[in-house]
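Residue-level listing of the chains:
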Amino acid sequence: MGNKQTTFTDEQLEAYQDCTFFTCKEILRLHSRYRELAPHLVPLDYTNNPDIKVPLTLIITMPELKENPFRERIVETFSEDGQGNLSFNDFVDMFSALCETSPRELKTIYAFKIYDFNRDNFICKEDLQKTLNKLTKGELTPEEVALVCDKAIEEADLDGDSKLSFSDFENMISKAPDFLSNFHIRI
Amino acid sequence: MALNHTFDLNHPLLEAGLESPVNEDTVHDSFSQLIAEQSDNEGLSDAFELQQLQRDLDEEGQDNVVRLSRRRHDDRDRRKHQRNEEWEDDERQTDTLMGEQWSSDTLKVLSSMPSRTIGRSRGAIISQYYNRTMQLRRRRQSRPSIRDFSRSARPSIRGYGIEADITDAEGVEVSKRDRLVNNLQNLSVSDRVRMLRAMPLSVAEKSELRRLALQKERHSHSGRRIPCCSQLKYYIIIALRHSWYSWLSFLHSLQLWQVALKRVSGRFGTAVLSYFLFLKTLLFFNLLLFLVTGVFLVLPQAVHPPLLLDGRRRFSGLELLTGAGYFSDTVMYYGYYCNYTLHRSCRDNGGEPNMSVSNGTRLDCVLGHLSYKMPLAYFFTIGVAFFITCIILVYSMSKSFGQSFTIDKSHSILAMKVFCSWDFKVIKKTSVKLMSENIFIQLKELLAEVSYKSVQNTTCQKLGRLMVHGLAWAICIANTAACVFGVCRFSEYMHQNLQQSSRADLAAKNPLLNEASLLAVPVLVSLINLLLPGLFNLAAWMEDYDSPSVPTYVSISRNLMLKVSVLAVLCYHWLGRVAADPESIGLTCWETFVGQELYRFLLMDFIFILLDTLFGEFLWRLFSEKVLKRRRKPVFDIARNVLELIYGQTLAWLGVLFTPLLPAVQILKLFLLFYIKKSSVMMNCQAPRKPYRVSQMTTIFITLLCFPSFLGASVCVTYTMWSITPSTSCGPFRELKTMFQAGKRWVEELQKDNPNLSALAMAHAYLVENPLFLFVGAGIFLIVIYFHSQVVDGQRKIINLLQEHIENEGEDKKFLITRLQFIHEQNRTHTRRVKSQDSSC
């Protein structure tokens, strides 16, 4: 950076470091990654917080997300308008929640949102069906999917309303030691 | 009797019961305010809801209860087609539940249940706050669409109360934000940062909160007319934070192999990544060891080289393999280190005040100058290095245990598989495909397991299986025993060979051949290490196990058995045969010889790993691709490779006493190994097909590194220090009976020079020399570990109990809801009857 054009002011960088799990270098790298997605759209100079959003179709071309079956859901979850358009802040937010150091609680919250396809604050059967179809690329037969959904909900549902509330989800996640290492994208 | 039983929802007791979050959250006192405020809204919103309910239900509303009831509609429809099992047992009640619209009272109770309000999680509260601001903002932008609303799918379930808010929404939101800002402001700087980071808000919102908090802080500071010293403090804190961040980013840039690790994990997922992370951990252990020995042993000795009697030997090239010859008289080995006090220039701060007997050394500094006592330094450096390593190992082991600590209960495996098995790191297309196939297969297996709970095996089958297992184990044990015996005999034979050659003075005739023959034992051992695991795999191939994780454990235990027994035999060979009678093979310095042996073993291990990589992975891939025309690539065997790393590390720990520079060799080896393995894996292997429980395996490997590996090495080193007589003509401990006496002598000298220090000598005599103390120390350590494990066990039990408790609560809730609904129904029919009676009258 130095005597080249500055991307962020020190103040901004400090705010980012306080609010995310990234160091200042990583923020700058994230910015360059963000800019790569739409070079004509995203300016180098971010000191005046320009209101620019990169659409979902461009975001999911990132190699980190390209092959992920949940890519649209991830991007939608973190976009402020819910359509999948990410501002730089949302972009940073996304990778901050998915980075190695973010705590289990935060990861659980966002994982819940990602799996909650219809956004009704519960993971119900339809959500599970969608998750399963994405996970196995539609290899399971509908009967098998239904069976897995029933069983999974039965296992994790604590209050017997046959859908998973956040507390059910949290309780289930707390028993899965691999969740933390799996719910992690290296940037 | 149930008829006159009415549920008074405004009853204070009931109200208090419903608002359990307040009680629960006394810990997060900074948030209890928010929660309390939320509960305050309840009364208002409750009233509002009821009105809302009485209005038309399918009005587009953000009220949660409305959504809830709508969902109930859907549920009901669905349940007409497929009956939910859990309701089936109380069919009668189910009918009343399903057949009728939920009564508003039931809905009210349902919506204020703690599980739906999640008052416990502070993150949820914050996110709820965020939801509301988002909604308000959107409303202000006047584009209220359902889609917009529901995206704010932060897991706050109780979305109601918003309509009530709307009258003075602005004010409420502002005050809420103020409260949040106040909370932030009251925290210390590090707490604030931690909390900001963990908030499930968007960065923009967070930085706004942060800005406000900072502004307020500054404002209050300036408002209070703070004295300049606290202003100074404030600036110092800011400067410190600045430097802390730059230090962090510096540290981050030091992180090794960031890109390479990302590529590996992107292609192969967490399982293969764990091997490379383990390698990295070992590298840091060795770096630490190297730093300690380098700074305190190698550097001082290299600055003051001792006088060598005979000239340097010629460098022939074979030394790189054998470590002998040219390298013998260098800082690499024990024998080079001197047993006197190094006098340093007066500015240096060495170790002890100069009061030692200097055995004919350079006395160019007059008395009073600082000096460095080599034997003592040697003794304490090795001791401290082992101690630090031990502490780090135990710490990382306990941390790893904590992370993988789970209650192994069979339930919710399927749900866990669905939600937690996708590895978000993986970015390569074929690996993604493999992973989804893998998950598919696992799900099918689990389903099969669920549907046919357990297939009973006949006794005959069981017996047959047992016999096969027994046979496989017998083969493995017999082979291991044979190999160990072979190593024992062969090393004895080589030892005798050496004795003969030293007697006949053959060494002078053909020194090169003689040196090369030293390589025979390491080659044999490495060959065994390379070939026997293949045989074990063959034996494992004929057994079949129910669970996919058992074969991994079996293979680990067999490999471990082999490596431990081979190392035990070798240790016996070095410490029992060589050290007991060094003159018989013409050695003046057996420590150097053992150090060289360890160097050779380490190097041979490396070379054989390379060969294995070349033949086992590269050529095998070529063969199977070109000749067998198979599309499959070999699978990277994580367990075996990690065990090889552990074996190498044991050698390094064993050798550090005799070869202070062995950690440097190990660092070099690991460094090269990383790149070789990485490129080999990238080129030749495919992602593993079998499921692999990463965190559990990592814990096991760390434990193995600690228990047989490190503990074994430190026992050997301690034994050498305590009870083996060091060589009389070389090394820092010559003229001593044991290495350990270096400390004793030092204490005696101290006492002689300064009688006041006699207490120290007493302490030394009683604490260090007395084996009882060691036993007591080890005993205390074991007791602490035992207590720890007991505590963990207790916690596990408590968690189990709580889990049961939660399940029971769920049952209770179900029961209460049906009961409530039932009472409501009865009430209604009763009033209807009364009404009809009225009308008939």
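Residues numbered from 1 in each chain as written. Chains lettered and ligands numbered in written order. Predicted model: local features only at pLDDT ≥ 70, side-chain atom pairs only at ≥ 80, totals over all residues. Heavy atoms only, no water.

Student: Lay out the UniProt feature "domain: EF-hand" (unreviewed entry) in chain A with the relevant residues and their values.
Tutor: Residue and element names in this part refer to chain A. In the numbering used here, UniProt assigns the "domain: EF-hand" (unreviewed entry) feature to residues 66-101, 103-138 and 144-179. Secondary structure within residues 103-138 divides into 67% helix and 0% strand; the distance between the first and last C-alpha atoms comes to 32 Å. For residues 144-179, the helix share is 64%, the strand share is 0%, and the end-to-end C-alpha distance is 24 Å. (UniProt positions renumbered as here; feature names shortened; annotations may be inferred. Helix = DSSP H or I, 4+ residues; strand = E, 2+ residues; numbered from the N terminus.)

Student: Explain the nonpolar core to me, and be specific about the residues and the numbers.
Tutor: The biggest cluster of nonpolar side chains holds 123 residues, and the ones touching the most others in it are B:Tyr275, B:Leu570, B:Trp590 and B:Phe701. The residues touching B:Tyr275, leaving out its near neighbours within four places in the chain, are B:Phe636, B:Ile638, B:Asn641, B:Val642, B:Leu645, B:Leu673 and B:Lys677. Membership of the second largest hydrophobic core comes to 79 residues, among which are A:Ile27, A:Ala152, B:Met435 and B:Leu443. (Core = buried A, V, L, I, M, F, W, Y, C linked by side-chain atoms within 4.5 Å. Buried < 20%, exposed > 50% of the residue type's maximum accessible area, 1.4 Å probe, protein only. Contact = heavy atoms within 4.5 Å.)

Student: Quick one: what's the story with the state of the cysteines, residue by residue and with numbers?
Tutor: Such a bond, covalent and formed between the sulfur atoms of two cysteines, is termed a disulfide. Residue and element names in this part refer to chain B. Within this structure, the stated rule accounts for 1 disulfide over all chains. Considering cysteine sulfurs only, cysteine 706 is the nearest to cysteine 390, which forms no disulfide, with 6.3 Å between them. Classification of cysteine 390 by relative accessible area gives partly exposed; the value is 24%. (Disulfide = S-S within 2.5 Å.)

Student: How would you summarise the packing of helix 8 (residues 125-136) of chain A against helix 20 (residues 413-420) of chain B if you had to cite specific residues and measurements?
Tutor: Where helix 8 of chain A contacts helix 20 of chain B, the axes come no closer than 10 Å and their chain directions differ by 65°. When you trace helix 8 of chain A past helix 20 of chain B, the crossing you get is left-handed. When helix 8 of chain A is examined against helix 20 of chain B, the residues A:Leu128, A:Thr131, A:Leu132 and A:Leu135 are found in contact with a partner set consisting of B:Lys417, B:Val418 and B:Phe419. Of the residues belonging to the contact of helix 8 of chain A with helix 20 of chain B, the class tally is 5 nonpolar, 1 polar and 1 charged. (Axes fitted to C-alpha atoms, helices over the stretch in contact; angles between N-to-C directions. Left-handed = near helix turned anticlockwise from the far one by under 90°. Nonpolar A, V, L, I, M, F, W, Y, C, P; charged D, E, K, R; others polar.)

Student: Give a description of the side chain of A:Ser87 that names residues and reports values.
Tutor: Residue and element names in this part refer to chain A. Tracing the backbone through its elements, the reader meets serine 87 in strand 2 (residues 86-87). Owing to a relative accessible area of 11%, serine 87 belongs among the buried residues under this scheme. Setting aside residues no more than four positions away along its own chain, serine 87 makes contact with Tyr34, Ile52 and Lys53.

Student: So what about the packing of helix 7 (residues 104-115) of chain A against helix 10 (residues 166-173) of chain A? Which residues, and what values?
Tutor: All names here are of chain A. Running from N to C, helix 7 and helix 10 point in directions that differ by 125°, and their axes come no closer than 10 Å. Put simply, helix 7 runs oblique to helix 10. Classified by chirality, the crossing of helix 10 by helix 7 is right-handed. Judged by residue contacts, Arg104, Glu105, Thr108, Ile109, Ala111, Phe112 and Tyr115 of helix 7 engage Phe166, Phe169, Glu170 and Ile173 from helix 10. Class assignment for the residues of the contact of helix 7 with helix 10 results in 7 nonpolar, 1 polar and 3 charged. (Parallel < 35°, antiparallel > 145°, perpendicular 65-115°, else oblique.)

Student: So, the pattern of salt bridges: which residues are in play, and what are the values?
Tutor: Residues and elements named next belong to chain A. Here the structure, examined in full by the defined rule, presents 22 salt bridges over all chains. Across the pair glutamate 76 and arginine 73 runs a salt bridge whose closest N-O atoms are separated by 3.1 Å. Of the two residues, glutamate 76 and arginine 73 are both situated in helix 5 (residues 71-78); the distance of 3 residues between them amounts to about one turn of the helix. Overall, glutamate 76 belongs to the buried group, its relative accessible area being 18%. Given the relative accessible area of 6%, arginine 73 is considered buried. (Salt bridge = Lys/Arg side-chain N within 4 Å of Asp/Glu carboxyl O.)

Student: Let's hear about a positive patch on the surface: which residues, and what values?
Tutor: There is a patch of like positive charges on the surface, built from A:Lys66, A:Lys137, B:Lys429 and B:Lys433. With respect to the helices and strands, the residue A:Lys66 is situated in helix 4 (residues 63-66). Residue A:Lys66 is classed as partly exposed on the basis of its relative accessible area of 48%. (Patch = residues over 30% accessible without salt bridge, like charges linked within 9 Å, V, L, I, M, F, W, Y side chains within 5 Å. Areas by Shrake-Rupley, 256 points an atom, 1.4 Å probe, with all protein chains shown as cover. Lys, Arg positive; Asp, Glu negative; His and termini not counted. Charge placed at Lys NZ, Arg CZ, Asp CG, Glu CD.)

Student: Which residues make up unusual backbone geometry, and what values do they have?
Tutor: Residues and elements named next belong to chain A. Not every positive phi belongs to a glycine, and asparagine 121 is a case in point at roughly 65°. In this fold, asparagine 121 is placed in the loop between helix 7 and helix 8. On the basis of relative accessibility, which here comes to 6%, the residue asparagine 121 falls in the buried class. Residue lysine 137 is not a glycine yet carries a positive backbone phi of 55°.

Student: Which residues make up the environment of B:Ala213, and what values do they have?
Tutor: Residues and elements named next belong to chain B. Relative to the helices and strands, alanine 213 resides in helix 14 (residues 203-223). You can call alanine 213 buried: its relative accessible area is 0%. Ignoring any residue separated from it by four or fewer positions in sequence, one finds alanine 213 in contact with Val181, Leu184 and Gln185.

Student: Please set out the UniProt feature "transmembrane region" (unreviewed entry) in chain B residue by residue, giving values where relevant.
Tutor: Residues and elements named next belong to chain B. The positions that UniProt labels "transmembrane region" (unreviewed entry) are, in the present scheme, residues 275-299, 376-395, 518-540, 601-623, 651-676, 697-722 and 772-789. The annotated region residues 651-676 carries 77% helix and 0% strand content, and the separation between its end C-alpha atoms amounts to 21 Å. Along residues 772-789 one finds 100% helix and 0% strand; the C-alpha atoms at either end are 25 Å apart.

Student: Break down the side chain of A:Asn182 for me, citing the residues and quoting the values.
Tutor: Mapped onto the elements, A:Asn182 comes out in helix 11 (residues 178-182). A:Asn182 sits in the buried class, given a relative accessible area of 9%. Setting aside its immediate chain neighbours within four residues, A:Asn182 contacts B:Thr270, B:Cys420, B:Ser421, B:Trp422, B:Asp423, B:Phe424 and B:Lys425.

Student: Any chance you could break down the confidence of the model for chain B for me, citing the residues and the numbers?
Tutor: Parts of the prediction with low pLDDT should not have their coordinates interpreted in detail. All names here are of chain B. Mean pLDDT over chain B: 73, with 70% of residues reaching 70 or higher. Long-range and interchain partners of residues 137-168, a stretch whose pLDDT sits below 50, account for 90 contacts in this model, where long-range means more than four residues apart. Low confidence marks residues 345-368, where pLDDT is under 50. Its contacts with residues over four positions away, or in another chain, come to 41 contacts. Across the whole predicted complex the pTM is 0.70, and at the interface the ipTM reaches 0.87. (pLDDT = per-residue confidence, 0-100.)

Student: Explain the packing of aromatic side chains to me, and be specific about the residues and the numbers.
Tutor: Applying the stated criterion across every chain, the model contains 46 aromatic pairs over all chains. Judged by centre distance (6.5 Å) and plane angle (85°), the ring pair of A:Phe70 and B:Trp422 falls under edge-to-face. Of this pair, A:Phe70 sits in the loop between helix 4 and helix 5 while B:Trp422 is found in the loop between helix 20 and helix 21 (429-451), placing the two residues in two different chains. Taking the relative accessible area as the measure of exposure, A:Phe70 reaches 0% and is therefore buried. Arranged with centres 5.7 Å apart and planes meeting at 85°, the rings of B:Tyr334 and B:Tyr378 form a pair that is edge-to-face. In this pair, B:Tyr334 sits in the loop between helix 18 (319-322) and strand 1 (341-343) while B:Tyr378 sits in helix 19 (residues 374-403), placing the two residues 44 residues apart along the sequence. Grouping residues by exposure puts B:Tyr334 and B:Tyr378 together as buried. (Phe/Tyr/Trp six-rings, centres within 6.5 Å; stacked < 30°, edge-to-face > 60°.)

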